[in-house]
Amino acid sequence: MSEEVRKSEILFLYESSYNIPNGDPFTGEQRYDEETKKILVSDVRMKRYVRTYLEDIKKVPIYVSEKTGAGKTDSKGVLTWIAQNRNPEAKTNFGELLKEQTDVRLFGGISTLDDKVKLKIKGEDGKEKEVEFTNGHVQFTGPVQFALLNPSLNEVNLRMHQNTTHFTSKAENTQGSIGTTTLVPYSLIQIHGWVNPKVAETTGMTSDDLKLMYEGLWYGTSGDGSSHSRSKVGQNSVLLLEIVYDKPNQKIYGVDRLITLIPKDGKKGEQLRSMDDYDLNFDKLIEIAKSDKVLKIKYYTELQSIKDKLKDGKFEIMTL
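Residues numbered from 1 in each chain as written. Predicted model: local features only at pLDDT ≥ 70, side-chain atom pairs only at ≥ 80, totals over all residues. Heavy atoms only, no water.

## Quick look at unusual backbone geometry
The cut-off we apply is this: Only runs of H or I of at least four residues qualify as helices and only runs of E of at least two qualify as strands under DSSP, and these elements are numbered from the N terminus. Each residue is placed in one exposure class: buried if its accessible area under a 1.4 Å probe, protein chains only, is under 20% of its type's maximum, exposed if it is over 50%, and partly exposed if it falls in between.
We note that A90 has phi near 55°; this positive angle belongs to a residue other than glycine. The phi dihedral of N135 falls on the positive side, at around 60°, and the residue is not glycine. Along the chain, N135 turns up in the loop between β6 (128-133) and β7 (137-141). Accessibility expressed as a relative area gives 30% for N135, which makes it partly exposed.

If you want it as structure tokens, here you go:
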């Protein structure tokens, strides 16, 4: 039996080493805050990790996919393809079809089809027939959201890297090209998210969906799915926290500042190269766990040093 979905905030920490955690789509260079010297990772990047893990590893249906008949650039075509190819119950309401997709229940989704569309689909008897679909112009807000841009906990000095390509750009060229890009030597990135139970009622998201999302966040970021690529190899999930509120109208101020990174041996943030170079301070997190607003704090980590610090009071080990 599924648990009740409760209002929560998410903190997810993962480390990266000599890669590009989140390149800008226009330049390909790592997103970077020049003033704070911290790298930035977008919500879109994190949702992509989850979606790819859910689709490739868990084999569950998702809406924002490159594997439907229409590809990834045509939302109308994708939903039409789903209606005709992934619709065993022959549903004719596009809104209900959208809610069949796991990522829509989690992150929301939109359809810009006409309210009434006629499509040929196979009925429950296996025979093809033309039926009228309704509710084609519908939008769902996702009950799970992440901050638009999430900064690393440490400062970073980006490093220029040159690479060569074997293949030439033109037939008359005899050599490949040389390219440059910026790499992140090391970063500990903190992702901040929110879970809204009222919105979950609209999309039909369950606690089982949320658990699957956490699994995708953990494993999808650290080497499975789209994180197993040339620019993403070198990432390791460190800590996943779900701060569960006692009541739906409660909130803790500054959740994204509850964990602090303290460099060792007089090093500066940009000199860090591994977890051996710093300590994580959880004093503020442990203090807010005592608040009446917090029902419990669920967490998952594979590091015993962190487990030893989060073993009292309302802290509860999460299963993935």
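## Details of the layout of surface pockets
Selection criterion: Space inside and on the surface of the protein is sampled on a 1 Å grid over the protein atoms alone, with a cavity defined as a set of points where a 1.4 Å probe fits but cannot get out and a pocket as an open set with protein on both sides within 12 Å along at least 5 of 7 lines; lining residues have an atom within 4 Å of a point. Grid points are joined across faces, edges and corners, and a volume is the space filled by probe spheres set on the points. Classes in brief: Ala, Val, Leu, Ile, Met, Phe, Trp, Tyr, Cys and Pro nonpolar; Asp, Glu, Lys and Arg charged; the others, Gly included, polar.
Its boundaries defined by the atoms lining it, the second largest pocket holds a volume of some 340 Å³. For the lining of the second largest pocket, the elements supplying multiple residues, two or more each, are α6 (207-221), β12 (235-245) and β15 (294-300). Among the elements that take part in the lining of the second largest pocket, α6 stands out by supplying five residues, more than any other. Here the residues of the lining of the second largest pocket are counted per class, giving seven nonpolar, four polar and eight charged.

## Points about the sheet that holds strand β9 (residues 149-151)
For clarity, the threshold we go by: Note: two strands are recorded as paired if DSSP finds a minimum of 2 bridges between them. Contacts are assigned to residue pairs with any non-hydrogen atoms lying within 4.5 Å of each other. Each axis is a line fitted through C-alpha atoms, and for a helix only the stretch in contact is used; angles between axes span 0 to 180 degrees, taken between their N-to-C directions.
What the three strands build is an open sheet, ordered β2-β3-β9; its pairing is antiparallel. Single-partner strands in this sheet number two, and they are β2 (32-33) and β9. Looking at chain direction, β2 and strand β3 (residues 38-42) are connected through two bridges and run antiparallel. Among the inter-strand pairings, Y32 is bridged to a residue of β3, identified as I39. Here helix α1 (residues 43-57) sits on the sheet in contact with β3 and β9, set at roughly 55° to β3.

## Side note on the nonpolar core
Heads up, the condition is: Residue types Ala, Val, Leu, Ile, Met, Phe, Trp, Tyr and Cys, when buried and joined through side-chain atoms within 4.5 Å, form a set referred to as a nonpolar core.
Residues M46, V144, F146, M213 and L240 are the most contacted members of the largest nonpolar core, which totals 32 residues. Among the elements that take part in this core, α6 stands out by supplying six residues, more than any other. Discounting residues that sit within four places of it in the chain, F146 has contacts with I10, D43, M46, K47, F107, I191, H192, G193, W194, M213 and L217. Within the second largest apolar cluster, 28 residues are counted, among which are L153, L188, L241 and V294.

## Things to note about the side chain of E215
When you line up the elements, E215 lands in helix α6. In this structure E215 comes out as buried when scored by relative accessible area, which is 12%. Ignoring anything within four residues of it in the chain, the contact list for E215 reads Y53, K58, G220 and L320.

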